[in-house]
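Fold and contact review
Chain by chain, the residues run as shown.
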Amino acid sequence: MTRAARRVLADCEIALEMLETEQNLDRWRVHWAGAVALARAVGHVLHKVDGADVHLKQKIEIAYKRWISDDPQHAIFREFIDEERNNILKEYHFNLNPLDEVDIVTMQSVRDANADKPSEVPHVFPISDNIYRPILDGYSEGDDARDVYREALDWWNAELTAIEQTVSDRDPRSTAGS
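Structure report, in brief. (Residues numbered from 1 in each chain as written. Predicted model: local features only at pLDDT ≥ 70, side-chain atom pairs only at ≥ 80, totals over all residues. Heavy atoms only, no water.)

1. Concerning a negative patch on the surface
On the surface, a cluster of negative charge is made up of Glu 17, Glu 20, Asp 143, Asp 147 and Glu 151. Elements represented by at least two residues in the negative patch include exactly α1 (3-21) and α5 (145-170). Judged by its relative accessible area of 54%, Glu 17 falls in the exposed class. (Patch = residues over 30% accessible without salt bridge, like charges linked within 9 Å, V, L, I, M, F, W, Y side chains within 5 Å. Areas by Shrake-Rupley, 256 points an atom, 1.4 Å probe, with all protein chains shown as cover. Salt bridge = Lys/Arg side-chain N within 4 Å of Asp/Glu carboxyl O. Lys, Arg positive; Asp, Glu negative; His and termini not counted. Charge placed at Lys NZ, Arg CZ, Asp CG, Glu CD. Helix = DSSP H or I, 4+ residues; strand = E, 2+ residues; numbered from the N terminus. Buried < 20%, exposed > 50% of the residue type's maximum accessible area, 1.4 Å probe, protein only.)

As structure tokens, then:
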């Protein structure tokens, strides 16, 4: 039923694998641009290709209205999938830390032999090899971009499943071949 959108979603999984293993920042950025474009393409393909099925079209349009509403459950669509795609494809602006090395601060407990309680001391760790690529602003600020992308793919999978379920609830024969 959502075969075309699911093909794009499968390619999103491949894109995520590429992001997980790429260490070169320039190559990673190119992979990120493609991955983000693919994540938004799931919805476009769902609408244009899978939506050619009249039974599916109405369900897709209802779902899209939910996604663009102010419902916090769909913030990832508005504030990440759509916005990040627009930032990259329309302005070539990446909402990611651009440095080769990203510093993180951790708190370490240090116990002084003369003190009753340990004290917390900040410690800065530089992380390289593109292990941590944080979102700079907005949705999931500070989280690793790959983790947010994974969340987006999981969200798409749940939304496609929900659409398929509403159609199969209407007609049990509509799941044949999906």
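2. Considering the nonpolar core
Judged by nonpolar contacts, the single largest core of 42 residues is most densely connected at Trp 32, Val 42, Trp 67, Phe 80, Ile 81, Tyr 149 and Trp 156. Among the elements that line this core, the one with the most residues is α5, at 10 residues. The contacts of Ile 81, once residues within four sequence positions are left out, are Ala 39, Arg 40, Ile 76, Ala 152, Trp 155 and Trp 156. (Core = buried A, V, L, I, M, F, W, Y, C linked by side-chain atoms within 4.5 Å. Contact = heavy atoms within 4.5 Å.)

3. Examining α1
Think of an α-helix as 3.6 residues a turn; residues three or four steps apart then line up on the same face. The terminal C-alpha atoms of α1, which comprises 19 residues, lie 28 Å apart, in line with the 27 Å expected from a rise of 1.5 Å per residue. The complete set of buried residues in α1 reads Ala 4, Ala 5, Val 8, Leu 9, Cys 12, Ala 15, Leu 16 and Leu 19. Viewed along the axis of α1, the buried residues span an arc of 135°, placing them on a single side of the element. Exposed side of α1, more than 90 degrees from the buried face: Arg 7, Glu 17 and Thr 21 are the residues found there. (Expected span 1.5 Å × (residues − 1). Arc of directions from axis to C-beta.)

4. Quick word on the side chain of Arg 85
For Arg 85, the location among the structural elements is in helix α4 (residues 75-91). Here Arg 85 falls in the buried class, since its relative accessible area comes to 16%.

5. Let's talk about the pattern of salt bridges
Taken as a whole, this structure holds nine salt bridges when the rule is applied. Of the charged contacts in the structure, one is a salt bridge between Glu 61 and Lys 57, with a shortest N-O distance of 3.6 Å. A residue pair is termed a helical-turn pair when its members lie 3 or 4 positions apart in one helix, as Glu 61 and Lys 57 do in helix α3 (residues 54-68) at four residues. Here Glu 159 makes a salt bridge to Arg 66, at a shortest N to O gap of 3.0 Å. Here Arg 66 lies in helix α3 and Glu 159 lies in helix α5, a separation of 93 residues in the sequence.

6. Remarks on α4
A bend of about 30° at Glu 83 is the largest found in α4. Residues of α4 that are buried include every one of Ala 75, Ile 76, Phe 77, Phe 80, Ile 81, Glu 84, Arg 85, Asn 87 and Ile 88, and no others. Looking one or two residues beyond α4, the residue adopting positive phi is Tyr 92, at roughly 50°. (Bend = angle between axes of the 7 residues up to and from the residue.)

7. Let's talk about a nonpolar patch on the surface
Among the surface-exposed residues, Val 105, Met 107 and Val 124 lie close enough to one another that they form a single nonpolar patch of about 290 Å² accessible area. Residue position: Val 105 is located in strand β1 (residues 102-110).

Bear in mind that shape data such as this cannot, by itself, settle questions of function.
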